[in-house]
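# Working through the structure, step by step
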Amino acid sequence: MNASLNTSMADSILYLDGVNVSFDGFRALNDLSLVLDAGEMRAIIGPNGAGKTTMMDIITGKTRPDSGQVVFEGNVDLTKHDEAAIAELGIGRKFQKPTVFETQSVHDNLELALKADRSVRASLLWMLSNDANRRIDEILGITRLGDHANEIAGSLSHGQKQWLEIGMLLAQDPKLLLVDEPAAGMTDDETAETARLLKEIAESHSVVVVEHDMTFVRDLGVKVTVLHEGSVLAEGSLDSVSADKRVIEVYLGR
Amino acid sequence: MRGLVFRAFDRGGMIFLGILFGAIMLLALSNLVLPAGHTLHAPTYLVSLIGKYLTYALLALSVDLIWGFCGILSLGHGAFFALGGYAMGMYLMRQIGDRGVYGNAELPDFMVFLNYSELPWYWHGFDMFWFAAIMIIFVPGLLAFIFGWFAFRSRVTGVYLSIITQAMTYALMLAFFRNNMGFGGNNGLTDFKDLLGFDLQNDGTRVGLLFASATALGLGFLICKAVTRSKYGKVITAIRDAESRTRFLGYRVDRYKLAVFTLSACMAGVAGALYVPQVGIINPSEFTPANSIEVVVWVAVGGRGTLYGAVIGAILVNYAKTYLTGALPEIWLFALGGLFVFVTLFLPRGIVGAINGSGDGGPSPILAKLRSWRDARAMEGRS
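Fair warning: this is a prediction, and the values are worked out from it, not measured in the lab.

### Brief notes about the environment of Asp98(B)
Residues and elements named next belong to chain B.
- One can find Asp98 in the loop between helix H4 (77-96) and helix H5 (109-113).
- Asp98 gets classed as exposed once you count the C-beta atoms within 10 Å, which come to 9.
- Among all residues touching Asp98, those that are not within four sequence positions of it are Gly103, Asn104 and Ala105.

Here you go:
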C-alpha cells in the first residue's frame, strides 16, 4: 500500500484505493491509489495514456471502475452516483478541451453554472437575484471577463474560454475542483495568469490539476503525483519527483 | 411564477400576436360582414384553410420547441397531433347521436357496420366535451412521457432517437388501421355534425374555430416564450449544445428533456384537436411517418430556434402545398424535397435566419448583399 494512504480516509476529500478500469482489455487504471486532503491542491502529471483523464472520469461518474474504492469526503461512495448527482455533491470539472455553452452569453454561462437548485421547477421559476448578479460580476472580475459579459461565449479566444470554464467552476462553488490541462494552448502570459488564478482558487477549495506544462506546475508550487500506465509512479514535491530515476525514464527524459 | 409570466411578453412576441390577431380579425370580418359577391369577401373554405394552417403552425411550434431549443429531432410528432385529433374526433362522433346513417344513438356508424354490440370501454366519457378536452392534452402527453422516460433515461440521442420516434408513429399508424382497434380503421372518424351544439357547416362556427386556432397558437407561442426565456430555456439550450457538460454542472438532463418533450406533445395534441373539426375527418394516414418529416421541413424552412420562424415556415410551405397540389399535383413532392435541400444548403438558419442575420452577430447574407449594393450606389452617386 502506498505510504500516503496512511492518512485516514476520514480526513480526506478524495480517497481512491485499488481502482482498476479496463477498456477492451486495455488497463487504463491499474490498482490506482491516491488520497487528497481537504483543502489541498495537487498537480497530476504523466505521459499520454497514463490514465489522467480516465481518473477524472471515474471521480465524476462518467466511467464506472471495475474494482476499487472511490470515496468523497470520507463517507460518500462515488461509484454509486451518476454525473449530475456527483456534481451536486460538490465536485466540479473542467475539461481538457474548453467546453462552454458556445451559443449563450458569457453571463448566461455563469448563470447556468451558479450554485442553485437544479430541479426543473426551480429553473422555470428562477429569477436572477441581486446576490446572484453580484456573484457573477465578482467571477467576471476574477476571470478578467468583465468586458465580455454580454458576448456570445463562442466568440471568445481560446484562453478566455479556458478562464470562462474556470469561472463556471467557481460559480458552481464545488468543494473539489478537477481541472484538466487548464494551460493547454495558452500563451506564456496566459499560462502565468492561469496559475495565479488557480492558486487563488486553491485558497478556499480542494483542487486537482492535470497538466503537461512543467513551468506551469512549477508556478503552482504544490505536491505532484506522477501517473504511469494507470498507477502512481511517484509522489512528492516537483523537485523530488523530477530527480526520481523512474520518472525521468518514462516521462521527463523524453 | 410572476417572472415566468412576464417573460412571455417581449416586444417580438407582441408584434407576432398583433399581426396574427389583426389578420384573423380582417379575415373573419370579410367572411361574415361583406356580402358573398363582394370582391373582398373571403369564402368560408378560405377561413377553414387558414384555420388549418394555424393548427399546422402550432404543430410546427411544438417541434421547434424541442428541436430548435433542445436539439431533440422528433420525426414522430405527427403521432401526438393525430392522437389529439382522434380524441376530438371521438367527441364529435358521439355528438352525432342518432343522426348517423344507421340512426343508432348508442353506437357510431362504423361500430354498427362492424357489428359492435356495445361501446368499447375507452369510448366512455367522450360524449362530454370537458372529458374530451382533458384527453386531448392527456393522451399525447402520457405517450410522450412514457416514451421520453425510457428514451432519455437510456440516453438515446441524435439520429437514434429520431429513428425510434419514426418507429413510434409508424406502429401507431398500423395499429389505427386495424378495424378492431375501435377507431374506425382505415376510414377513421368522419361525418361530424356539430361541436358544443354549433353546426360545423355554419360560417359562424368556422370563424369560431379559426379564432380558437389563433388563440391556441397565440397561447402556445406565449408558453414557448415563457419557457425558452427562463433559466429552464437556457438549460435546454445548453443541453442542445453540450449535453454532457450540462450533466457535469449537476443538471438532470433526462428530466429536462422529458419535461420539454411532454409539453411539446401536449401542444401538438391541441393542434390536432383543432385541425379535425376544420377538415372534417381524422384517419390513420395522419400517423404516416412522412407527415412528421414534413413538419420538420416547415420548421427548417422557417428557421429553427426562433419560434415565429416555425409559424412562418408552416404557413408558407402549406400555402405552397395547397397551390402546387392544385395547379401541378405531380411536382409537389419534388418541390418539397427540393425546398429541403435548398434550405439546408443555402439557408441553414431558415428564412428568418437569412433575414435577421447570423447568430454570431454578423449580418445575414441577404442583408449583407443589400448593404453592399446600397453602398455601391452611394459611391456612384458621389462620383
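### Quick look at the environment of Val120(A)
Residue and element names in this part refer to chain A.
- Tracing the backbone shows Val120 in helix H4 (residues 120-125).
- Here Val120 falls in the partly exposed class, since 19 other C-beta atoms lie within 10 Å of it.
- Between the C-alpha atom of Val120 and that of Glu83, which follows or precedes it by 37 residues, the distance is 17 Å.

### Describing the nonpolar core
- Grouped together as the largest cluster of nonpolar side chains are 172 residues, with contacts concentrated most on Val209(A), Ala57(B), Leu58(B), Ala60(B) and Leu61(B).
- Apart from residues lying up to four places away in sequence, Leu58(B) is in contact with Ala216(B), Leu217(B), Gly220(B), Met267(B), Val270(B) and Ala271(B).

### As for the interface of chain A and chain B
- On the chain B side, the residues contacting the 26 residues of chain A number 24 residues.
- Of all the secondary structure elements, the ones that give two or more residues to the side of chain A that touches chain B are helix H2 (83-89), helix H3 (106-113) and H4 of chain A.
- Tallied by class, residues from the side of chain A that touches chain B come to 11 nonpolar, eight polar and seven charged.

### Description of helix H6 (residues 129-153) of chain B
Residues and elements named next belong to chain B.
- When the terminal C-alpha atoms of H6 are compared, their 35 Å separation across 25 residues agrees well with the 36 Å that a helix rising 1.5 Å per residue should span.
- Largest kink in H6: about 30 degrees, centred on Met135.
- Buried within H6 we find Ala132, Met135, Ile136, Pro140, Gly141, Ala144, Phe147, Gly148, Ala151 and Phe152.
- Residues of H6 that are buried in the fold lie against H4, helix H7 (158-177) and helix H11 (253-279).
- Just downstream of H6, Arg155 is the residue with a positive phi angle, here 55 degrees.

Cut-offs and rules
Residues numbered from 1 in each chain as written. Chains lettered and ligands numbered in written order. Predicted model: local features only at pLDDT ≥ 70, side-chain atom pairs only at ≥ 80, totals over all residues. Helix = DSSP H or I, 4+ residues; strand = E, 2+ residues; numbered from the N terminus. Buried ≥ 20, exposed ≤ 12 C-beta atoms within 10 Å, placed from the backbone. Contact = placed C-beta atoms within 7 Å. Core = buried A, V, L, I, M, F, W, Y, C linked by C-beta atoms within 7 Å. Nonpolar A, V, L, I, M, F, W, Y, C, P; charged D, E, K, R; others polar. Expected span 1.5 Å × (residues − 1). Bend = angle between axes of the 7 residues up to and from the residue.

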